[in-house]
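Spelled out from the first residue to the last, the chains are:
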Amino acid sequence: MRFLGIGKDGSLGDMYLALSQAGHDVKAYIGKPEWHGTLAGLIQRTDDWRNELDWIRNGDGILIFEAADCGELQDSLRRDGFRVIGGCAMGDRMENDRDFGQSCMRQAGMTTAPCKDFTDFLTALAFIRQRPRRYVFKLSGLGYASSCNVVGEMEDGSDIAALLERYNQSWTFDAPPSFILMDHVTGVEVGVGGYFNGENFLEPVVMDWEHKKFFTGDLGELTGEMGTLLTYRNAGPLFDATLAKMAEQLRECGYVGYININTIANSEGIWPLEFTCRFGYPGAAICSTLHLEGWNVLFRRMITRERLDFPTRAGFAAGVVLTVPPFPQCDDYSELSRGLPVLFREPPTVEDRRHFHLSEVESRDGQLVTTGGTGSLMAITGTGDTVEEACASAYRRCRNVVMTNLRYSTDIGARF
């Protein structure tokens, strides 16, 4: 089969590498110059994905989009007869316009936490003064680092109010602010995700527990992800209460791809928080360790709709993200860490290498070195019948990696 990956930073490079190693023809387009080194020497690249459209059409191939920012383009390509996996225009809006995403949840029959949309900081400050309580602050739109979003700690909202005061004085982004204040809900954070083929979800669906804070112990700023525990078993009740309810809306908008909904579960019920309308890194890579067939088989079933099932392993998979400074920021990366070699205390086994899911690295004369734009190097995974076995396996492999200033969280899966 032929696959053409399209993105800005090569976030699905591990997927492309797996498809290529399985004997498929794969080309990847990476739009941002600072990420051009990602997986260089490991996967075939193209400088202009549009020039590859005849190649992908004639080869009965599949286009894979990485981000939730090209939905209208994906819709257009589908109308032109291309087979596209990624998302759609409505999916982009569901993820990026948080207030709209919440309205879609309510339309589907889900109960959401109280949430209010704002376009200026002073109005939001007045709102907190009139309604003091613990809040979560989340920006809408593209281009904002995960660390810009903040889960408040103070029961009167004073810490979020202080953040808004600072933003009101120092907002530096080109676009005017658009954000929500959501009532904080205490409980267990758990997500559920599935592969939608344009008509139905494939089975099974996956249940995940992400660790987003930078430091061990749930401290520090929010990152894209520091690691995740997941399983393809027993997600039915959570799925039925949340993501399954979105099938009609997804069918109407022509969504084809992976979609995840993050929730808080407590004694009062399940509270949906936000959508991720795309494959995520390292989420997709961690999922793949429990797949019994390659991505090509799963994608073919999504495109042809010939079957609604795919085989997965029982048990759990744990993934740990390895980083170097200045992650999760990007300033001064070239001075601090780009170009460092990735070394191992002992030669990794073939099985170990299957659990190395590369991101911001490239191959130079057979040596892996750091590249990319932020310093998120790879996710290392482990699997097992229990959470303890999966985590122990992942961390054994992590300890074999040697790099200057290597950092990773040491408590992935511990809260479970």
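Before reading on, note that the structure itself is shown above.
Quick caveat, the model's predicted, so the values are computed rather than measured. (Residues numbered from 1 in each chain as written. Predicted model: local features only at pLDDT ≥ 70, side-chain atom pairs only at ≥ 80, totals over all residues. Heavy atoms only, no water.)

K.L.:
Can you walk me through the environment of R79 in this structure?
P.N.:
Position of R79 among the secondary structure elements: in helix α3 (residues 71–79). On the accessibility criterion, R79 (66% relative accessible area) is exposed. In sequence terms R79 and N58 are 21 residues apart; their C-alpha atoms lie 17 Å from each other. (Helix = DSSP H or I, 4+ residues; strand = E, 2+ residues; numbered from the N terminus. Buried < 20%, exposed > 50% of the residue type's maximum accessible area, 1.4 Å probe, protein only.)

K.L.:
Whenever I open this one, the sheet that holds strand β7 (residues 150–151) confuses me. Can you help?
P.N.:
Each strand in a sheet pairs with another by means of backbone hydrogen bonds, the pair being arranged parallel or else antiparallel. Taken in spatial order, the 4 strands line up as β5-β8-β6-β7 in an open sheet, and their pairing is antiparallel. Edge positions in the sheet fall to β5 (115–118) and β7, since each has one partner strand and no second. Sheet analysis places strand β6 (residues 135–139) next to strand β8 (residues 179–183), joined by 5 bridges and oriented antiparallel. From the neighbouring strand, F137 faces β8, where its bridge partner is L181. Sheet contacts for helix α7 (residues 158–170): β6, β7 and β8; angle to β6, the most-contacted strand, approximately 30°. (Pairing = 2+ DSSP bridges. Contact = heavy atoms within 4.5 Å. Axes fitted to C-alpha atoms, helices over the stretch in contact; angles between N-to-C directions.)

K.L.:
So what exactly am I meant to see when it comes to the packing of helix α6 (residues 121–130) against α7 here?
P.N.:
Helix packing geometry: the angle between the two helix axes and the distance between the axes. Here α6 crosses α7 at 160°, and the two axes come no closer than 9 Å. The orientation of α6 relative to α7 falls into the category roughly antiparallel. Read as a crossing pair, α6 and α7 show a hand that is left-handed. In contact with F121, L122, A124, L125 and I128 of α6, α7 contributes I160, A161, L164, E165, Y167 and N168. Residue composition of the contact of α6 with α7, by class: 9 nonpolar, 1 polar and 1 charged. (Parallel < 35°, antiparallel > 145°, perpendicular 65-115°, else oblique. Left-handed = near helix turned anticlockwise from the far one by under 90°. Nonpolar A, V, L, I, M, F, W, Y, C, P; charged D, E, K, R; others polar.)

K.L.:
What is the right way to read α6 from this model?
P.N.:
Given 3.6 residues per turn, any residue in an α-helix points the same way as the ones three and four places further on. Residues F121, A124, L125, F127 and I128 constitute the buried set of α6. Down the axis of α6, the smallest arc covering the buried residues is 160°, so these residues share one side. Summarising the geometry of α6, the exposed residues directed more than 90 degrees from the buried face are L122, R129 and Q130. Contacts from the buried residues of α6 go to β5, β6, α7 and β8. (Arc of directions from axis to C-beta.)

K.L.:
Would you explain the packing of helix α1 (residues 13–21) against helix α11 (residues 295–304) in this entry?
P.N.:
As a packed pair, α1 and α11 sit with axes 9 Å apart at the nearest point and diverge in direction by 100°. Put simply, α1 runs roughly perpendicular to α11. For the pair α1 and α11, contact is made by M15, A18 and L19 and by W295, N296 and F299, respectively. Residues that form the contact of α1 with α11 fall into these classes: 5 nonpolar, 1 polar and no charged.

K.L.:
Whenever I open this one, the environment of K138 confuses me. Can you help?
P.N.:
Turning to its location among the elements, K138 is positioned in strand β6. Overall, the relative accessible area of 10% leaves K138 in the buried class. When the C-alpha atoms of K138 and L163 are compared, they prove to be 12 Å apart, with 25 residues separating the residues in sequence. Sequence-distant contacts of K138, that is, excluding residues within four places in its chain, are made with R98, N149, F179, I180, L273 and E274.

K.L.:
Looking at this structure, how should I read the pairing of strand β2 (residues 25–30)?
P.N.:
Along any regular strand the residues' side chains alternate between the sheet's two faces. Taken together, the 6 bridges between strand β1 (residues 2–7) and β2 define a ladder with parallel strand orientation. Within β2, the residue paired with G5 across the bridge is A28. A crossover links β1 with its parallel partner β2, the connecting element being α1, and its sense is right-handed. (Right-handed = clockwise from strand over helix to strand, strands pointing away.)

Any link to function would need more than the numbers given here.
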